[in-house]
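Residue-level structural notes
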Amino acid sequence: MKRFFIVSIIYFLSLINPLSANNIAFIDIKLLMQTSKAGLNLSSKIKILEKQTIKLIENVGNDLKDKEKELVDKKNILSENDFNIEISKLKKEINEFNVMKNYEIKNLEKKKTQYNGKLLDSIKIILTDYAKSNEITLLLQKQNIILGSNDINITDDILNILNKKIKEIKLKWRLL
């Protein structure tokens, strides 16, 4: 019985095509995102958007600090009732600022994710075409591989194709 089992395993293993291992490749998506022309262009656009968002938040925050300073300077001039009314207005503005700040930060993160998703979608199309034309049946991310031959690393090939096909990602964004 053991002999039959061993012979059966050897038979099934012999049916597996040893060349099918050549249909496996891996790619470094992070490297593509960071070094491709489209990735670098996208990164610079995101940095500009980040700077604009930070500038907006800082400007509004500085205005509120100036208002607070003016109110403290007027403390002895205003009546207690008027001073309390002004403090209430300032607290309301501070709360509105905090809401606006949180919204802008979340909006920025949402846009970053959206823009990176557009680049990934473009890479996915290129990968699909490349895999079909080179008969790759399994494509893995480099970060998930412990050891792999450089012969099956297609990152450089995809990087060249990506740089030829896509120079930049078109974005819809506002200027402040």
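Owing to the predicted nature of the structure, the values given are computational and were not obtained by experimental measurement. (Residues numbered from 1 in each chain as written. Predicted model: local features only at pLDDT ≥ 70, side-chain atom pairs only at ≥ 80, totals over all residues. Heavy atoms only, no water.)

A word on the overall build of the chain
Within the chain one finds five helices and two strands. For the chain, the N- to C-terminal ordering of α and β elements is α-β-α-α-α-β-α. The proportion of buried residues among the 176 residues of the chain is 26%. Counting contacts in the chain only where the partners sit at least 6 residues apart, residues at least 24 apart contribute 89% of the total. Carbon and sulfur atoms form 57% of the exposed surface of the chain, whose accessible area is close to 13300 Å². (Helix = DSSP H or I, 4+ residues; strand = E, 2+ residues; numbered from the N terminus. Buried < 20%, exposed > 50% of the residue type's maximum accessible area, 1.4 Å probe, protein only. Contact = heavy atoms within 4.5 Å. Areas by Shrake-Rupley, 256 points an atom, 1.4 Å probe, with all protein chains shown as cover.)

Some words on the side chain of Thr155
Turning to its location among the elements, Thr155 is positioned in helix α5 (residues 155-165). Since its relative accessible area comes to 3%, Thr155 is described here as buried. Once you skip the residues sitting within four places of it in the chain, Thr155 turns out to touch Phe26, Ile27, Asp28, Leu31 and Leu32.

Structural notes on the nonpolar core
Ranked by internal contacts, the top residues of the largest apolar core, which has 24 residues, are Ile123, Ile154 and Ile158. Of all the elements in the fold, those that place two or more residues in this core are β1 (24-27), α2 (29-35), α3 (37-73), α4 (80-133) and α5. A per-element tally of this core places α4 first, with eight residues. In this structure, Ile123 is in contact with Ile29, Leu32, Met33 and Leu162, ignoring residues within four places of it in sequence. (Core = buried A, V, L, I, M, F, W, Y, C linked by side-chain atoms within 4.5 Å.)

As for the packing of α4 against α5
When two helices pack together, their arrangement is captured by the angle between the axes and the distance separating the axes. Direction vectors running N to C along α4 and α5 enclose 120 degrees, while the axes themselves pass 10 Å from each other. Taken together, the axes of α4 and α5 are oblique relative to one another. With respect to the hand of their crossing, α4 and α5 are arranged in right-handed fashion. Contact with α4, carried on its side by Ile123, Ile126, Leu127, Asp129 and Tyr130, involves Asp157, Ile158, Ile161, Leu162 and Lys165 of α5 and no other residues of that element. (Axes fitted to C-alpha atoms, helices over the stretch in contact; angles between N-to-C directions. Parallel < 35°, antiparallel > 145°, perpendicular 65-115°, else oblique. Left-handed = near helix turned anticlockwise from the far one by under 90°.)

Topic: the layout of surface pockets
Computed from the structure, the largest pocket encloses a volume of approximately 150 Å³. As for the largest pocket, its lining consists of Lys67, Glu70, Leu71, Lys74, Glu86, Lys89, Leu90 and Glu93. Among the secondary structure elements, those contributing two or more residues to the lining of the largest pocket are α3 and α4. Of the residues contributing to the lining of the largest pocket, the split by class is two nonpolar, no polar and six charged. (1 Å grid on protein atoms, 1.4 Å probe; cavity = no way out; pocket = protein on both sides within 12 Å on 5 of 7 lines; lining within 4 Å. Points joined across faces, edges and corners; volume = space filled by probe spheres on them. Nonpolar A, V, L, I, M, F, W, Y, C, P; charged D, E, K, R; others polar.)

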